[in-house]
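Residue-level structure breakdown
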Amino acid sequence: MIMKKDLSINFLGVHCENPFFLSSSPVCNNAEMISKAFDAGWAGIFYKTVGINGMDECSPRFDITTKEDTPWIGFKNMEQISEWSLEQNVEEIKKLKKNYPNKVIGVSIMGSNEEEWITLAKAITEAGADMLELNFSCPQMTSHAMGSDVGQNPELVRKYTKAVVDHTHLPVVAKMTPNISKMEDPAIAAVQGGAHGISAINTIKSVSKIDLDHLTGLPVVNGKSAISGYSGNAVKPIALRFITQLAQCEQLKTVQLSGIGGIETWQDALEFILLGCRNVQVTTSVMQYGYRIVEDMINGLSHFMDERGVDNLEDMVGLAVNNIIPAEELDRSYKIIPAIHLEKCIGCGRCYVSCYDGAHQAIAWNSETRKPEILIDHCVGCHLCLNVCPVFDCITPGEVIFKDGRDNNRNGEDIVKQLVYQ
Amino acid sequence: MVQKLVVEYEPELIEGFDFRRAMEEASRCLLCEDPPCSKGCPSGTDPGKFIRSIRFRNVNGAAETIRTSNILGASCSLICPQERLCEQECSRCGIDRPIQIGKLQQFAMEYERKLNKTYLSKKDTYAGKRVACIGAGPASLSCAAELAKQGVQVTIFDEHPKPGGMLRYAIPPYRLPDAVIDQDIHQLEKLGVKFRLNDKVTTKELGKMKEEYDNIFVGIGMWQSKMLTIPGADLPGVVTAIEFLSRAREAHGKMPSLGNVVIVGGGDVAMDCAATCKMLGAASIYDIFIETIEGAPAVQKEKEYVFKLGVPLISEFKPVEFIGQSRVERVKFEHMSNGSILEIAADTVILAVGQTMQSEAASWRDSGDIFSGGDMVNGGDTVVRAVKEGKEAAVKMMESFTRR
C-alpha cells in the first residue's frame, strides 16, 4: 500500500532503480552488510575503496561535533580504504553481483602508482563490477602517493584516470577532494584522462576539537591525533557549492555528476539532483541511523514527484543550476522589511538581541509589554530576526521597499512569494 | 507567559504541533532497532516508522503509514491512552520521558487534513463481494476499511444519525472534535463504503441480511449502562454517563443547569464526565469512586487533568443510597473499610460504573455465522483495540472468500 513511484534513472549508461547509492566507506565494506543495504532499498553502492593491500588502522578513529543538544552535526573519521586484500574483495564483489544482478555495484579503487591502478582496474572489471570510482580524494591516507594528495594534482589525476580507462570497458567516475580551491581543475583533468563521471565531495580535512586534558585533537590515539576527513550534514553547503561549480563548468558539460556530502533526507538528495546530479551517495547518516533511512528517501521523493506531477526523475536534474549566479549579478534594488505577527509573539526578545548585536539596531524593544517593533528606517532587510525567532511563522517577509529611484519591474508580492522560511 | 488549561467544551480543533515542534519532538526519538513503541500499539500503527518519517522530513510518509494501519488514525491520535500503550514502551523512558507519540501522530494527521491528501487506494481482489457491518463504531469502521481496500462493497448500518459510535456520542468534543471524526469517516467514504444511518437492525432483519450479503460483521458495542441496585437509583436526576455525555454533545454543551454534581466512578468515562461538567459550569463537582486514587482505572493523565480543573477526586467510598423526594437531593456514601459516612448534596448524579451489552447482542455474537469485534467481544476496551479486532475480522472474512 505504501506509495512508490518509478524513481529509476540512467547513470553512465547503467540503469539504476533509484538515485540512492551508498558511498565508498565503512557502510559498504563486505557482501553481507551490502546485502542488507540492497534489501532495504538502496539501488547501488560504491564498494569501500579497494587497494592492493589491506590497511593498518588506529583506534579509536571517529569523533562527532555537536551544537547544543544536537549530536552528529559533523563527523570526523580516520579510516582509510578497505582493510582487506584485493583478492578477498574480489570474492565479495563476485558474490554480490551473483546474488543481486539488478543492483548496481560500483567499486572504488585506489593505487599508489600507475601499475597498481591498472592491476586494480583489471581485477575489479573481471570481478563483474558495473562501474569504477577512482578515489583521488581520501584525506587521511598514510601514504602521500595516495588519496587527496593525488587529487590536488591534475597531472596525476589525468595520468591515473587514463591508465584505468585504458584497461577497463566499465564507466569510470573520478571522486574529487574538496581540499582544493578550484575543483574544476582536477575534474577537467579526469575528463581528459577519459573519466565518464565526476563524484564529489570526499571529506574535508579537519581537526574536530581539542581535548582539554590531553592537549591534542580528537579522537585521541595514544596521546596524539591527526588531521582527517570531516563529513555529515554540516558539510552539505560546501558540497552543494562544489557541485554547482562543476555543473556550471563548460568543459565538464559532457560528464555526469554524482553528489555526495551530508545527505540525510529525500530533500537533501533532491537538492543535489536539482544542481545537476543524476546519482547521490550517502555514508555518514547511514553510520548514525542505518540503511533504513533509504525508505523515507524513496517514499518522500515519490510523494514529492506525485505532488508536483513529475513522472521522470530525470526531468528534475539540474533545474536549479542556472539560478545560482555570481554575487555581482544579484538584484540589489530593494529590501524586504520583516513583518512581526504580534499575536504569535511570545515575548522572548531574541529578535531584538540579534538585531541589536548582530545587525542594524532596527528593532525597538518594549520592556513593559515585552514586544518588539521594526524600525523601518533602520531596517536593511537582512532577515536575521526571522532566522532567530523560535516561533513558527511569527516573523515573515513583509513589505518590499525599492531603493531610491530603482525598480526591477516586479511587484513586491511576487518577490515575497519567492521566500519560504521554515 | 502562563500555559493555559483548555476549558472550551467544543473547540473546532485541538491545537497540535507546528512543523518545528514536531521536528523537535521527532528528534528526541531514539530511532530504536525493532521499536518497542510499535509493538505497544494493538492496531500496529507503527509509531517507530512514522516518527522516523517525520524525522527525515517525509510527513507524507508518516501520514501514509498511520493511515495504512489505522483507519481511525486521526481520532486515535487524540484519544488513545498512549501513556499505557506505545509511550509506556518507549526506550526514551530510560533517559527521561517518552516521546509524545500521540502529538506526532496528530501532526501527521493534520497534514493529511490540511492538504486534503488520500493515501489509501482500492484494489479489486474481492470485487463483487458484499458485506454488511452493523454498528458504525471503531470495530465496524476498521473492518469496513480493510474490506473496502480489497474491493469488497461494504455497507455500514447504525441506529444513530452520525457514524462514529462511542467516538461521536460518548467521548466529549474537547478531547475529540467532530472535524477529526469526520476526517476519519471521510477516508472510508473515499474507499466507497456506504453508510445507512438512523437504521436500527433487528434480529429479524439480520436474518434477512445474512442471505443478502456474503458476510456480516457485528460491532454494536456496549451501549447499555450498568446501574446501581441501591435505594433511590431511579430518582430523577440520576443519569448514566453515556446518556449524559451524548446529550451534552448533541446539545453542543448547552444544557439545563446541572447544579451540584456527584459523579460515581473512577474510570476514563467518569473523568470525561467530570471535565465536561466543569466546562458546562456545574456549581460543584465531586467525583467519588470505590478504588484508591492510584487504583482507579482512568489513565493518570486524565486524572491529573480533572484534578487541575479543580474537581475533587474522593477515593474508597461506595454509594449506598440516593436520597430525595421528587428528585435526587443528596447521595450517601460509605467508606470501603473504616466505616466513615459521607453525604453530599447533589442535583445531578452521573453513574459512570461501566457498560454492558444490549440483550440481543450476545445472541448475535454467539450465533456462529457472523463475525464480531470491539467492546461487545472484548468486554469494553480501547478504540485502538477495536480497530485491531475489526481488522482481524476482515482478514478472516477475506480468507473465507478465498476458500469458497
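Residues numbered from 1 in each chain as written. Chains lettered and ligands numbered in written order. Predicted model: local features only at pLDDT ≥ 70, side-chain atom pairs only at ≥ 80, totals over all residues. Heavy atoms only, no water.

1. Topic: the domain arrangement of chain A
Split by domain assignment, chain A resolves into domain 1 (9–323) and domain 2 (331–417). Taking the mean C-alpha position of each, domain 1 of chain A and domain 2 of chain A sit 41 Å from one another. (Domains from an automatic or database assignment.)

2. What to know about the interface of chain B and chain A
Counting from both sides, the interface comprises 25 residues of chain B and, opposite them, 22 residues of chain A. Together, the buried faces of chain B and chain A total about 2,300 Å²; carbon and sulfur atoms form 47% of this surface. For the pair chain B and chain A, the interface holds 4 salt bridges. With its nearest N and O atoms 3.0 Å apart, the salt bridge here joins A:Glu295 to B:Lys49. Seen at the junction of chain B and chain A, the total is 18 residue pairs in polar contact (both at pLDDT 80 or more). Mapped by element, the contributors of at least two residues to the side of chain B that touches chain A are helix 1 (19–28), helix 3 (47–55) and helix 4 (59–69) of chain B. Tallied by class, residues from the side of chain B that touches chain A come to 7 nonpolar, 7 polar and 11 charged. (Contact = heavy atoms within 4.5 Å. Buried area = accessible area lost by both parts, 1.4 Å probe. Salt bridge = Lys/Arg side-chain N within 4 Å of Asp/Glu carboxyl O. Polar contact = N/O pair within 3.5 Å; in protein donor to acceptor, adjacent residues only side chain to side chain. Helix = DSSP H or I, 4+ residues; strand = E, 2+ residues; numbered from the N terminus. Nonpolar A, V, L, I, M, F, W, Y, C, P; charged D, E, K, R; others polar.)

3. Details of the sheet that holds strand 4 (residues 215–218) of chain B
Across a sheet, strands are paired by hydrogen bonds formed along the backbone, either parallel or antiparallel in direction. All names here are of chain B. Strand order in the open sheet made by the 5 strands is 3-2-1-4-15, with parallel pairing throughout. At either margin of the open sheet sits one strand with a lone partner, and together these are strand 3 (194–196) and strand 15 (371–372). Across 5 bridges, strand 1 (residues 130–134) lies against strand 2 (residues 153–157) in parallel orientation. Bridge pairing in strand 2 places Arg130 opposite Gln153. (Pairing = 2+ DSSP bridges.)

4. Some thoughts on the packing of helix 2 (residues 86–99) of chain A against helix 3 (residues 114–127) of chain A
Residue and element names in this part refer to chain A. Where helix 2 meets helix 3, the closest approach of the two axes is 9 Å, and the angle between their N-to-C directions is 25°. Comparing the axis directions of helix 2 and helix 3 gives the class roughly parallel. Read as a crossing pair, helix 2 and helix 3 show a hand that is right-handed. Residues Leu86, Val90, Ile93 and Lys94 of helix 2 form the contact with helix 3, whose own contacting residues are Thr119, Leu120, Ala123, Ile124 and Ala127. The class makeup of the residues in the contact of helix 2 with helix 3 is 7 nonpolar, 1 polar and 1 charged. (Axes fitted to C-alpha atoms, helices over the stretch in contact; angles between N-to-C directions. Parallel < 35°, antiparallel > 145°, perpendicular 65-115°, else oblique. Left-handed = near helix turned anticlockwise from the far one by under 90°.)

5. Remarks on the environment of A:Gly412
Looking at where A:Gly412 falls in the secondary structure, it is placed in helix 13 (residues 412–417). For the pair A:Gly412 and A:Cys385, spaced 27 residues apart in the sequence, the C-alpha separation amounts to 20 Å.

6. Notes on the pattern of salt bridges
Enumeration over the complete set of coordinates arrives at 45 salt bridges over all chains. For A:Lys94, the salt bridge is made with A:Glu91, and the minimal N-O distance between the two is 3.9 Å. Within this pair, A:Lys94 and its partner A:Glu91 are both found in helix 2, separated by 3 residues, close to a single helical turn. Judged by its relative accessible area of 46%, A:Glu91 is partly exposed. In this structure, A:Glu307 and B:Lys117 form a salt bridge, with 2.7 Å as the shortest nitrogen-oxygen distance. Of this pair, A:Glu307 sits in helix 10 (residues 293–308) while B:Lys117 sits in the loop between helix 7 (101–114) and strand 1, on two different chains. (Buried < 20%, exposed > 50% of the residue type's maximum accessible area, 1.4 Å probe, protein only.)

7. Some points on a nonpolar patch on the surface
All names here are of chain A. A cluster of nonpolar side chains, contributed by Val207, Ile210, Leu212 and Ile227, occupies part of the molecular surface with about 440 Å² of accessible area. Among the secondary structure elements, Ile210 is positioned in strand 12 (residues 210–211). Taking relative accessible area as the criterion, Ile210 reaches 49% and is therefore assigned partly exposed. (Patch = residues over 30% accessible without salt bridge, like charges linked within 9 Å, V, L, I, M, F, W, Y side chains within 5 Å. Areas by Shrake-Rupley, 256 points an atom, 1.4 Å probe, with all protein chains shown as cover.)

8. Focus: unusual backbone geometry
Residues and elements named next belong to chain A. Omega for the peptide link from Ser59 to Pro60 comes to -10°, which places this bond in the cis form. Inspection of the secondary structure assignment puts Pro60 in the loop between strand 4 (44–50) and strand 5 (62–67). A cis amide bond links Ala200 to the next residue, Ile201, at an omega of 5°. Locating Ile201 in the fold gives a position in the loop between strand 10 (197–200) and strand 11 (204–206). The phi torsion at Glu68 lies on the positive side, around 45°, for a residue other than glycine.

9. Regarding helix 8 (residues 138–149) of chain B
Working note: α-helix, 3.6 residues per turn, so residues spaced by three or four point in the same direction. Residues and elements named next belong to chain B. With 12 residues, helix 8 extends 17 Å between its outermost C-alpha atoms, agreeing within 8% with the 16 Å of an ideal straight helix rising 1.5 Å per residue. Here helix 8 lies mainly inside the structure; 12 of its 12 residues are buried. Taken as a whole, helix 8 has its buried residues at Pro138, Ala139, Ser140, Leu141, Ser142, Cys143, Ala144, Ala145, Glu146, Leu147, Ala148 and Lys149. Directly beyond the C-terminal end of helix 8, a positive phi value near 90° is found at Gly151. (Expected span 1.5 Å × (residues − 1).)

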